[in-house]
Amino acid sequence: MTKLSVNINKLATLRNARGGNVPDLLKATKDIELFGAQGITIHPRPDERHIRYQDARDLKNVVNTEYNIEGNPITSFIDLVLEVKPTQVTLVPDSVDVLTSNAGWDTVKHKSFLIEVIDEFKRNGIRTSVFVDPELSLIEGAALVGTDRIELYTEDFAVGYSKGDHAVVKKYADCSLLAHQLGLGVNAGHDLSLDNIEFFKNNVPYLAEVSIGHALISEALYQGLERVVKQYLQKLK
């Protein structure tokens, strides 16, 4: 079964809109795990517009499943991850002003930088994953920088699938197969939803984990958080 890691950034966005502690991020995390999710993902950004750095510290004592922190490995992010020591760190090349993640790493161009950062995390016992576009050359590059896993950037799949282009999944399947052959674990995330997750899972081999936030929280507004989490788990079997 592919593991479901729930990205709780949007819950933090809602909390921050009014100040205070509603919704309670720590309680929501406990509930999400109680509903069956196998992981919690956060993506703190320097401006702390949703997840705050202190949230990352507080969640360390709450998350009982896999704890995944993603972000651009600037100095403050690296220091935070080394302090918290989550299960996994996912490296994402976000610029400071980006609204949401919109590209993966060029693992060939940034090879030296990624090797240096990944070595530091692995020395501290933290599993590493690198966010990449679904291109075979980038998968090969990821294997050379020493990462444990890749996370396939799935926006292109989601857009194509919504337009009826189901063939778009093939490049993801090819990349996942190559990653597996190169000894890398395979994660995926971005714009995956209840509408497309089952098709993606059934057509992409060796899929270890998906990280889903925006769609899941949006769907939960209509159906409730527990029901939606359990629907994802059913579709990922």
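Before going into details, it helps to say that this report is about the structure given with it.

Parameters at a glance
- Residues numbered from 1 in each chain as written.
- Predicted model: local features only at pLDDT ≥ 70, side-chain atom pairs only at ≥ 80, totals over all residues.
- Heavy atoms only, no water.
- Salt bridge = Lys/Arg side-chain N within 4 Å of Asp/Glu carboxyl O.
- Buried < 20%, exposed > 50% of the residue type's maximum accessible area, 1.4 Å probe, protein only.
- Helix = DSSP H or I, 4+ residues; strand = E, 2+ residues; numbered from the N terminus.
- Phe/Tyr/Trp six-rings, centres within 6.5 Å; stacked < 30°, edge-to-face > 60°.
- Axes fitted to C-alpha atoms, helices over the stretch in contact; angles between N-to-C directions.
- Parallel < 35°, antiparallel > 145°, perpendicular 65-115°, else oblique.
- Left-handed = near helix turned anticlockwise from the far one by under 90°.
- Contact = heavy atoms within 4.5 Å.

## Considering the pattern of salt bridges
(1) Moving on: In the structure shown here, the tally under the stated rule is 13 salt bridges.
(2) Moving on: Residue arginine 49 pairs with aspartate 47 through a salt bridge whose shortest N-O separation is 3.0 Å.
(3) Moving on: The exposure class assigned to arginine 49 is partly exposed, which follows from its relative accessible area of 27%.
(4) Moving on: Here arginine 123 and glutamate 120 are joined by a salt bridge, their closest N and O atoms 2.3 Å apart. Taken together, the residues arginine 123 and glutamate 120, both in helix α5 (residues 111-123) and three residues apart, mark about one turn of the helix.
(5) Moving on: Judged by relative accessible area, arginine 123 falls into the exposed class, the value being 60%.
(6) Moving on: Taking relative accessible area as the criterion, glutamate 120 reaches 26% and is therefore assigned partly exposed.

## Some points on the packing of aromatic side chains
(1) Moving on: Enumeration over the complete set of coordinates arrives at eight aromatic pairs.
(2) Moving on: Judged by centre distance (6.4 Å) and plane angle (5 degrees), the ring pair of phenylalanine 157 and phenylalanine 199 falls under stacked. Separated by 42 residues along the polypeptide, phenylalanine 157 in helix α7 (residues 155-162) and phenylalanine 199 in helix α9 (residues 197-203) bring together distant segments of the chain.
(3) Moving on: Judged by its relative accessible area of 21%, phenylalanine 199 falls in the partly exposed class.
(4) Moving on: Arranged with centres 4.9 Å apart and planes meeting at 55 degrees, the rings of phenylalanine 157 and phenylalanine 200 form a pair that is tilted. Of this pair, phenylalanine 157 sits in helix α7 while phenylalanine 200 is found in helix α9, placing the two residues 43 residues apart along the sequence.
(5) Moving on: Overall, the relative accessible area of 0% leaves phenylalanine 200 in the buried class.
(6) Moving on: In this structure an aromatic cluster arises from ring pairing among Phe157, Tyr161, Tyr172, Phe199 and Phe200.

## Things to note about the packing of helix α10 (residues 214-223) against helix α11 (residues 225-235)
(1) Moving on: Two numbers describe how α10 lies on α11: the axes approach to 7 Å, and their chain directions differ by 130 degrees. Here α11 runs oblique to α10, going by the angle between their axes. Handedness of the α10/α11 crossing: right-handed. Between α10 and α11, the contacting residues are Ala215, Leu216, Ile217, Glu219, Ala220 and Gln223 on the first element and Leu225, Arg227, Val228, Val229, Gln231 and Tyr232 on the second.

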